[in-house]
Amino acid sequence: MNALSISLVIVSAMFAILFMAIRVWKGGLLAVMVKTLASLAFVSTGIIGIAVSDLTNKVPLALIAIGLLCGMVGDILLDLKVVYDNDKIYLNFGMLSFGLGHLAYFSAFTSLALTQISSVLVPVLVAVGAGIVLTVGTVVGGMKMMKLDFGKFLWQTVAYSFILTFMMTYTLVLAIMGGGMWLTFVGLLLFFLSDVVLSTQYFGGQLSNKLFIVINHTLYYAAQIVLATVVFLV
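Since this is a predicted model, take the numbers as computed values, not measurements.

Draft legend 1. Focus on helix H5 (residues 121-144). With 24 residues, H5 extends 34 Å between its outermost C-alpha atoms, agreeing within 8% with the 34 Å of an ideal straight helix rising 1.5 Å per residue. Considered for burial, the residues of H5 that qualify are Pro123, Ala127, Gly131, Thr135, Val139, Gly141 and Gly142. Tucked into the core, H5 has its buried residues touching helix H6 (154-177).

Draft legend 2. Geometry of the packing of helix H2 (residues 28-52) against helix H8 (residues 210-233). H8 packs onto H2 with a crossing angle of 15° between their chain directions and a minimal axis gap of 7 Å. With respect to H8, the axis of H2 lies roughly parallel. Considering only the axes of H2 and H8, their crossing is right-handed. Counted together, Lys35, Ala38, Ser39, Phe42, Thr45, Gly46, Ile48, Gly49, Ile50 and Val52 of H2 and His217, Tyr220, Tyr221, Gln224, Ile225, Ala228, Val231 and Phe232 of H8 form the full contact between these two elements. By residue class, the composition of the contact of H2 with H8 is 11 nonpolar, 6 polar and 1 charged.

Draft legend 3. Up close: the packing of aromatic side chains. Evaluated as defined, the whole model comprises 15 aromatic pairs. On the numbers, 5.9 Å between centres and 80° between planes, the contact of Phe98 with Phe191 is edge-to-face. In this pair, Phe98 sits in helix H4 (residues 87-113) while Phe191 sits in helix H7 (residues 182-203), placing the two residues 93 residues apart along the sequence. In this pair, the class of Phe98 matches that of Phe191, namely buried. Lying over the aromatic face of Trp25, Lys26 brings its terminal NZ or CZ to 6.0 Å of the ring centre.

Draft legend 4. Molecular detail of the side chain of Ser53. Looking at where Ser53 falls in the secondary structure, it is placed in the loop between H2 and helix H3 (59-84). Using a relative accessible area of 13% as the deciding quantity, one classes Ser53 as buried. Here Leu55 takes part through its backbone nitrogen, which lies 3.1 Å from a polar atom of the side chain of Ser53. When near neighbours in sequence (up to four residues on either side) are disregarded, Ser53 contacts Lys58 and Leu61.

Reading the values: the criteria
Residues numbered from 1 in each chain as written. Predicted model: local features only at pLDDT ≥ 70, side-chain atom pairs only at ≥ 80, totals over all residues. Heavy atoms only, no water. Helix = DSSP H or I, 4+ residues; strand = E, 2+ residues; numbered from the N terminus. Expected span 1.5 Å × (residues − 1). Buried < 20%, exposed > 50% of the residue type's maximum accessible area, 1.4 Å probe, protein only. Contact = heavy atoms within 4.5 Å. Axes fitted to C-alpha atoms, helices over the stretch in contact; angles between N-to-C directions. Parallel < 35°, antiparallel > 145°, perpendicular 65-115°, else oblique. Left-handed = near helix turned anticlockwise from the far one by under 90°. Nonpolar A, V, L, I, M, F, W, Y, C, P; charged D, E, K, R; others polar. Phe/Tyr/Trp six-rings, centres within 6.5 Å; stacked < 30°, edge-to-face > 60°. Lys NZ or Arg CZ within 6 Å of the ring centre and 35° of its normal. Polar contact = N/O pair within 3.5 Å; in protein donor to acceptor, adjacent residues only side chain to side chain.

In structure tokens:
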């Protein structure tokens with residue numbers, strides 16, 4: 001990483017810390033506005049990375065930026081759900097936006113992997129199997145051991161959990177096979193851990209738990225910042 005990317009990571013981290021402080025201290029629309037700035041920081045990191053990249057084919061990098069943007073939109077929608085207490089609209093569209101972001105990441109990482117390996121068939125098949133097992137384990141485990149009540153969001157949760165666990169496993173297998181960077185797996189792992197905490201908040205009655213708020217957002221912003229720095233390293 002060069003000085004520019006390091007500076008952008010530091011700025012993104014500072015905005016994330018500022019947001020978390022305001023979210024815990026005051027909340028409300030002010031927190032949503034600061035969250036928007038924090039999200040714009042990691043999106044801007046990705047966009048600047050594209051601008052300075054020497055790659056001839058910048059489509060995969062643009063797809064990463066789209067993934068970051070979808071994450072920003074999804075996260076803002078989830079916070080609007082907290083502000084206006086309208087779980088049906090904001091939670092559904094928040095999950096949808098994050099899901100679309102992961103699809104953009106899939107396209108980007110697949111394109112980059114195919115410059116190093118001949119096929120992604122094995123990673124896809126392994127990820128599908130692992131995604132099914134991990135989704136069932138996560139959802140059932142959450143309902144049984146963590147007493148989570150997904151209610152009317154059960155199927156949306158299952159679908160999103162599969163996309164997320166698929167991507168986490170997919171990037172891991174790509175990294176092992178030499179077709180992807182370990183940093184992509186680290187980013188998706190942090191994303192997964194963030195959403196485990198988020199599920200406890202939304203479906204376990206811990207939405208106002210300040211410790212969970214800090215842990216969730218620390219993991220989430222770390223994930224997005226890590227994924228944004230990938231643009232500088234390919």
